[in-house]
Amino acid sequence: METYKKGNAESYELEVIPSGKEKHAYFLRECRTEGFSEQLDFLWMKKEKVKASVTFAISNEFEAVSLPKSPFGGFWIEESLTSSALEAFLKAVILELKRRRIVLIRVIQPPKVYEPKTDLINYLLFKEGFIQERILSHQFFVGKKKIKKLVQKEHAKYQKKAKDEGLTIQVGHIQNFSFLDQVRSWNQSRGYQIGFEDARIINQVSEFPDRYFLITFVKDKRAIAHSLCNTLLPESLYYFLSAIDPKSNLKNVGDLILFTLFQLAAELKVSFIDLGSSENEVGVNHNLMFFKSRFSNEISNKISWTLKL
């Protein structure tokens, strides 16, 4: 542990510990990634309290990534912190990573809806020499009361749609992982890129079973749609993975999936729903973005940064 001082008023310590010793609201900070030799929490301490933090996975090629194969990683403000103290934290982290012979730092900073100080963090990352590598726009529905109100207003309409289509809707924690094969097959048949790894999902669900939920639509005793979601933060619900059987030929299934997601969010009493990004291999998927816009009231970007050391 080293001490960093700013004038006479502020005195902080940088503590670096193996990831997993400290529990995080964003649980993926505790999940290891294959191909990365260690995972470390960098904690900015003042009077034995964590003021800010970041988790890095360290690769065998001496790259520090926050976080690999996750929606995002990034810097988090745990308690009230001045901009100068936050800047000092960034500098201390960079110096410590240099000392550990790291050659490249990668940071995926979460959208502002997750971390309210993200705009300030992005500004200071830029000032520290980080290069903006990628931007993804996430669509959100924000507001616990607004989620509840929408569900109450639209419940009868969507219940009728499900009944007219002869659908049974199952919602709950994951009991087995056979649905992943169907998701892959259905999405491949539609020409979609497959961006998930079975083993990683299985490990995360096994370690954090209460954070994952599966929505399944059944018709004539056969699954015709799946949606996997999780609570990245206790107060959020993330629309992570979805697929519809292209042979089902049913109308409004996409709408029904999202409304069921809203019902689950209302039951969990979360503060916001993250509908994810809308991109394909060509660029912006405007059709998907328009579809999600009917279920969202906020847009916020996550930015991927790199810094060569």
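It should be emphasised that the depicted structure is a prediction, and the values quoted were computed from it without experimental measurement.

Novice: Could you clarify how one ought to interpret helix 5 (residues 198-207) in this entry?
Specialist: In an α-helix, one turn spans 3.6 residues, which is why side chains three or four residues apart end up on the same side. Within the span of helix 5, buried status applies to Arg 200, Ile 201, Gln 204 and Val 205. All buried residues of helix 5 lie within an arc of 125° about the axis, which places them on one face of the element. Set apart from the buried face of helix 5 by more than 90 degrees, the exposed residues are Ala 199, Asn 203 and Ser 206. Of the surrounding secondary structure, the elements contacted by the buried residues of helix 5 are helix 4 (179-189), strand 10 (212-219), strand 11 (222-230) and strand 12 (236-244).

Novice: Explanation requested: the pairing of strand 13 (residues 272-277) in the structure shown.
Specialist: Walk down a regular strand and you will see the side chains alternate between the two sheet faces. Most of strand 13 is tucked away, with five of its six residues classed as buried. In this sheet, strand 13 lies alongside strand 8 (residues 131-142) in antiparallel orientation, the contact comprising four bridges. Bridge assignment links Val 142 to a residue of strand 13, and that residue is Phe 272. Note that strand 12 and strand 13 share three bridges and pair parallel. Opposite Ser 236, over in strand 13, you have Phe 272 as the bridge partner. A crossover connection joins strand 12 to the parallel strand 13 through helix 6 (residues 253-268); in handedness this β-α-β unit is right-handed.

Novice: Explain the pattern of salt bridges to me, please; I cannot follow it from the model alone.
Specialist: Where charged atoms of side chains with opposite charge meet at close range, the side chains can pair. Counted under the stated rule, the structure contains 17 salt bridges. The salt bridge partner of Glu 154 is Lys 157, with a shortest N-O separation of 2.9 Å. Of the two residues, Glu 154 and Lys 157 are both situated in helix 3 (residues 144-164); the distance of three residues between them amounts to about one turn of the helix. Judged by its relative accessible area of 40%, Lys 157 is partly exposed. What emerges from the salt-bridge pattern is a single network uniting Glu 63, Arg 106 and Glu 133.

Thresholds, definitions, all that
- Residues numbered from 1 in each chain as written.
- Predicted model: local features only at pLDDT ≥ 70, side-chain atom pairs only at ≥ 80, totals over all residues.
- Heavy atoms only, no water.
- Buried < 20%, exposed > 50% of the residue type's maximum accessible area, 1.4 Å probe, protein only.
- Helix = DSSP H or I, 4+ residues; strand = E, 2+ residues; numbered from the N terminus.
- Arc of directions from axis to C-beta.
- Contact = heavy atoms within 4.5 Å.
- Pairing = 2+ DSSP bridges.
- Right-handed = clockwise from strand over helix to strand, strands pointing away.
- Salt bridge = Lys/Arg side-chain N within 4 Å of Asp/Glu carboxyl O.

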